[in-house]
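So the chains spell out like this:
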Amino acid sequence: MIDDVINQAQTTRAVLGSQRAFFGDVQGKVKLLGDKFPIIRGLLGSIRRRRSRDTLILSAVIAACTLFLIIYWLSK
């Protein structure tokens, strides 16, 4: 039974390694395209900025909800 778990873990590790290599290749190709075409570079930059902004907004909402929850618990 332990051998089965070890084999499953090794298979999972191999699959994750291949996915990592695949996504690394895709990232390299996208960077190459961005370097070759300025319009694509601008598009990638705007996507990156929007993602950062969305992360900040989500973080602020979670912090506000946590703060309101703590205030509610303390007021009881």
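Residues numbered from 1 in each chain as written. Predicted model: local features only at pLDDT ≥ 70, side-chain atom pairs only at ≥ 80, totals over all residues. Heavy atoms only, no water.

Asks: How would you summarise the overall build of the protein if you had to cite specific residues and measurements?
Replies: Scanning the protein for helices and strands turns up two helices and zero strands. Taken against the 2.2 N^0.38 rule, which gives 11 Å for 76 residues, the C-alpha radius of gyration of the protein at 22 Å runs more than 25% over that of a compact globule. Along the first, second and third principal axes, the C-alpha atoms of the protein reach 55 × 55 × 5 Å. With 76 residues in all, the protein has 3% of them scored as buried. (Helix = DSSP H or I, 4+ residues; strand = E, 2+ residues; numbered from the N terminus. Rg over C-alpha atoms; globule rule 2.2 N^0.38 Å. Buried < 20%, exposed > 50% of the residue type's maximum accessible area, 1.4 Å probe, protein only.)

Asks: Help me get a handle on the UniProt feature "transmembrane region" (unreviewed entry) in the protein, residues and values and all.
Replies: As annotated in UniProt, the feature "transmembrane region" (unreviewed entry) corresponds to residues 56-75 in the numbering used here. In this annotation, residues 56-75 is assigned 100% helix and 0% strand; the end-to-end C-alpha distance for the span is 28 Å. (UniProt positions renumbered as here; feature names shortened; annotations may be inferred.)

Asks: An account of the layout of surface pockets is needed here, citing residue identities and associated values.
Replies: Within this model, the largest pocket holds a volume of roughly 200 Å³. Contributions of two or more residues to the lining of the largest pocket are made by helix H1 (2-36) and helix H2 (38-75). With five residues, the top contributor of residues to the lining of the largest pocket is H2. Across the lining of the largest pocket, the residue classes break down as three nonpolar, one polar and five charged. (1 Å grid on protein atoms, 1.4 Å probe; cavity = no way out; pocket = protein on both sides within 12 Å on 5 of 7 lines; lining within 4 Å. Points joined across faces, edges and corners; volume = space filled by probe spheres on them. Nonpolar A, V, L, I, M, F, W, Y, C, P; charged D, E, K, R; others polar.)

Asks: Outline a nonpolar patch on the surface, supporting the account with residue identities and numerical values.
Replies: Together, Leu 69, Ile 70, Tyr 72, Trp 73 and Leu 74 make up a nonpolar patch on the protein surface, roughly 580 Å² of accessible area in all. Note that Tyr 72 resides in helix H2. A residue is classified by how much of its surface remains accessible, and Tyr 72, at 48% relative accessible area, is partly exposed. (Patch = residues over 30% accessible without salt bridge, like charges linked within 9 Å, V, L, I, M, F, W, Y side chains within 5 Å. Areas by Shrake-Rupley, 256 points an atom, 1.4 Å probe, with all protein chains shown as cover. Salt bridge = Lys/Arg side-chain N within 4 Å of Asp/Glu carboxyl O.)

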